[in-house]
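Residue strings, one per chain:
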Amino acid sequence: MISSIKRLWRDRRGNTLAIAGAALPLVLGSAGLASDTIQWTLWKRQIQRAADSAAYAGVYAIASGKSVGSCNNLTNPTYADPVAYDLKKNNLTGIATWCGLTNPPTVGSYTADSNAVRVVLEIQKKLAFSGLFMNAAPTIRGISTATIVPSGDYCVISLENQAVTGIDATGSTDVDLGCGMITNSTSMSAAVATGSSDVGASPVAAVGGIPASTHWHTGTVLQPFTLAQADPFAGVTAPPATDFPSGACPSVTVNPNTSASLTAGCYSSLNLKGNVTLGSGTYIIDGGSFSTGAQANVSCSGCTIVLTNRSSSATATIGGVDMNGGADVDMTAPSSGTYKGILIYQDRRATADNSQKVNGNSSSSLQGALYFPRADLTFNGTTGMQTNCLQIVSKRVTFTGNSAVSNVCPANSGSSSFKGSKIRLVE
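All of the points below concern the structure found in this document. As the structure is a computational prediction, the values presented were derived from the model and not from experiment. (Residues numbered from 1 in each chain as written. Predicted model: local features only at pLDDT ≥ 70, side-chain atom pairs only at ≥ 80, totals over all residues. Heavy atoms only, no water.)

## Focus: the overall build of the protein
Turning to step 1, where the next piece is worked out: In terms of regular secondary structure, the protein is built from 3 helices and 26 strands.
Turning to step 2, where the next piece is worked out: Counting the 427 residues in the protein, one finds 45% classified as buried.
Turning to step 3, where the next piece is worked out: Put simply, 54% of the contacts in the protein that link residues at least 6 apart link residues at least 24 apart.
Turning to step 4, where the next piece is worked out: Accessible surface computed for the protein: about 20200 Å², of which carbon and sulfur atoms make up 53%. (Helix = DSSP H or I, 4+ residues; strand = E, 2+ residues; numbered from the N terminus. Buried < 20%, exposed > 50% of the residue type's maximum accessible area, 1.4 Å probe, protein only. Contact = heavy atoms within 4.5 Å. Areas by Shrake-Rupley, 256 points an atom, 1.4 Å probe, with all protein chains shown as cover.)

Next comes the structure, spelled out in structure tokens:
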């Protein structure tokens, strides 16, 4: 017996198997814990993504003037509960989820922000390995808070809200805005820079998409899929009928090499080809257009050109603008009154998608807003053109030539940039 035991003690042929057997619980435990960690991390990422998306949905509802609702019913939610509806679509865990919704949040840094939405999601699911040793399944939590934050200062707004390009820098244009651009276009190419253009503007924002391009200056911030920008002049209306004289308004043409001084009032058209000084005030163009010729020298301080029609008909003819690139135009918007900060105002009854053109040479200076809510505006500035406080608000905007627009407005000028906003996760 003793000799048999000694032989067994000296026998090493089974050592590997013995060691493997002893290590097997550790190997299985490590594999089990690794598998559980991966599964837990996946569920955590999925639940956090769902919380982020739901918080976004709640703030988008607020931005649209709708109710956030609740997230009590995640089985058959409707659009009346946008957070719950979003969770129904975007919670990919396949696990019954508890949802908590507060607007504004009751904890955190945004308790006083009525636009802030905080979503808390919780799930419980037994893990395959560690669940064998736990009395209860662990709780996995996703917490997200979103709100509306400033997105930048804009001096160009495209009000186009359909799936077509709203802002287009094309050809060999060299655009240096010194401010931002935004379009309400829902197109995936809402704002584009093509051809051999070179565009400096930041941020560039759109409700739709913004294709990446080497034609955007280095450092340009692109903000696709952002909130629509409201019409900054929505509350400004065309002159009432009482502002028109009883008779027809005169049509004025100033020929090349002649001079004239005009006073504010009503005109059926203004065709300026010579040397013209416009007095301060509002120039109502009744059914006609405003144009400056290649040899024109036009100046005004504190004036607004209003393109409208005395007729109350919704289909009344509304004129346009054709400012020739060879003209020397020095125009400044008023700093007070109904048309404060507006240089050219086109009635909203204008035919949709009509085309307007504003050109300027190196001697031209424009200060104020160009407002064409239903028009396609082509802006062609040249190097040296002074546009240190110019805003453009039109349906669609096309930049050609060398357009240099900065946004440093003189104090008390009546003009200023437009503040934009976007939705962002903040906690």
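Okay, back to it.
## Remarks on the nonpolar core
Turning to step 1, where the next piece is worked out: Met181, Met331, Leu370 and Phe399 are the most contacted members of the largest nonpolar core, which has 54 residues in total.
Turning to step 2, where the next piece is worked out: Contacts of leucine 370, omitting those with residues within four sequence positions, involve Leu343, Ile344, Val358, Leu377, Phe379, Leu390, Gln391, Ile392 and Val393. (Core = buried A, V, L, I, M, F, W, Y, C linked by side-chain atoms within 4.5 Å.)

## Thoughts on the pattern of salt bridges
Turning to step 1, where the next piece is worked out: Within this structure, the stated rule accounts for 7 salt bridges.
Turning to step 2, where the next piece is worked out: Aspartate 153 is the salt-bridge partner of lysine 419, the closest N and O atoms lying 2.8 Å from each other. Of this pair, lysine 419 sits in strand 26 (residues 418-425) while aspartate 153 sits in strand 3 (residues 139-158), and the two are 266 residues apart along the sequence.
Turning to step 3, where the next piece is worked out: Put simply, arginine 396 and aspartate 376 hold a salt bridge, and the shortest N to O gap is 3.2 Å. Highlighted residues: arginine 396 in strand 25 (residues 386-404) and aspartate 376 in strand 24 (residues 365-381), separated in sequence by 20 residues. Across this residue pair, the class does not change: arginine 396 and aspartate 376 are buried. (Salt bridge = Lys/Arg side-chain N within 4 Å of Asp/Glu carboxyl O.)

## Re the state of the cysteines
Turning to step 1, where the next piece is worked out: One pass over the full model with this rule turns up 4 disulfides.
Turning to step 2, where the next piece is worked out: There is a disulfide in this structure between cysteine 300 and cysteine 303, and the S-S distance comes to 1.9 Å. Residues cysteine 300 and cysteine 303 are joined by a disulfide whose S-S torsion is about -40°; by sign, that bridge is left-handed. Cysteine 303 matches cysteine 300 in its accessibility class, with the two residues each being buried. (Disulfide = S-S within 2.5 Å.)

## Some points on the environment of proline 82
Turning to step 1, where the next piece is worked out: Looking at where proline 82 falls in the secondary structure, it is placed in helix 3 (residues 82-90).
Turning to step 2, where the next piece is worked out: Expressed as a C-alpha distance, the spacing of proline 82 and glycine 58, which sit 24 residues apart in the sequence, is 6.1 Å.
Turning to step 3, where the next piece is worked out: With residues up to four places along the chain from it excluded, the contact list for proline 82 reads Ala57, Ala61, Ser67 and Val68.

## Concerning unusual backbone geometry
Turning to step 1, where the next piece is worked out: Put simply, asparagine 103 and proline 104 share a cis peptide bond, and its omega is -5°.
Turning to step 2, where the next piece is worked out: Within the fold, proline 104 resides in the loop between strand 1 (98-102) and strand 2 (117-124).
Turning to step 3, where the next piece is worked out: A cis amide bond links serine 202 to the next residue, proline 203, at an omega of 0°.
Turning to step 4, where the next piece is worked out: Assignment of secondary structure puts proline 203 in the loop between strand 8 (198-200) and strand 9 (204-206).

## Focus: the packing of aromatic side chains
Turning to step 1, where the next piece is worked out: Within this structure, the stated rule accounts for 7 aromatic pairs.
Turning to step 2, where the next piece is worked out: Plain terms: the ring middles of tyrosine 79 and tyrosine 85 are 4.6 Å apart, the flat faces sit at 35° to each other, and that makes the pair tilted.
Turning to step 3, where the next piece is worked out: We classify tyrosine 79 as exposed; its relative accessible area is 68%.
Turning to step 4, where the next piece is worked out: By the ring-pair criterion, three or more aromatic residues cluster together here, those being Phe233, Tyr339, Tyr345, Tyr371 and Phe418. (Phe/Tyr/Trp six-rings, centres within 6.5 Å; stacked < 30°, edge-to-face > 60°.)

## A short note on the environment of valine 199
Turning to step 1, where the next piece is worked out: Structurally, valine 199 is set in strand 8.
Turning to step 2, where the next piece is worked out: Since its relative accessible area comes to 1%, valine 199 is described here as buried.
Turning to step 3, where the next piece is worked out: Distance from valine 199 to histidine 215, taken between C-alpha atoms, is 6.0 Å for residues 16 residues apart in sequence.
Turning to step 4, where the next piece is worked out: When sequence neighbours within four positions are dropped, the list of residues in contact with valine 199 reads Ala169, Val175, Met181, Ala193, His215, Trp216, His217 and Thr220.

## Things to note about the environment of glycine 209
Turning to step 1, where the next piece is worked out: The topology assignment puts glycine 209 in the loop between strand 9 and strand 10 (222-223).
Turning to step 2, where the next piece is worked out: Glycine 209 sits 21 residues away from methionine 188 along the chain, and the two C-alpha atoms are 4.0 Å apart.
Turning to step 3, where the next piece is worked out: Leaving out residues up to four positions away in the same chain, glycine 209 has contacts with Ser187, Met188, Ser189, Ala190, Ala191, Pro224 and Phe225.

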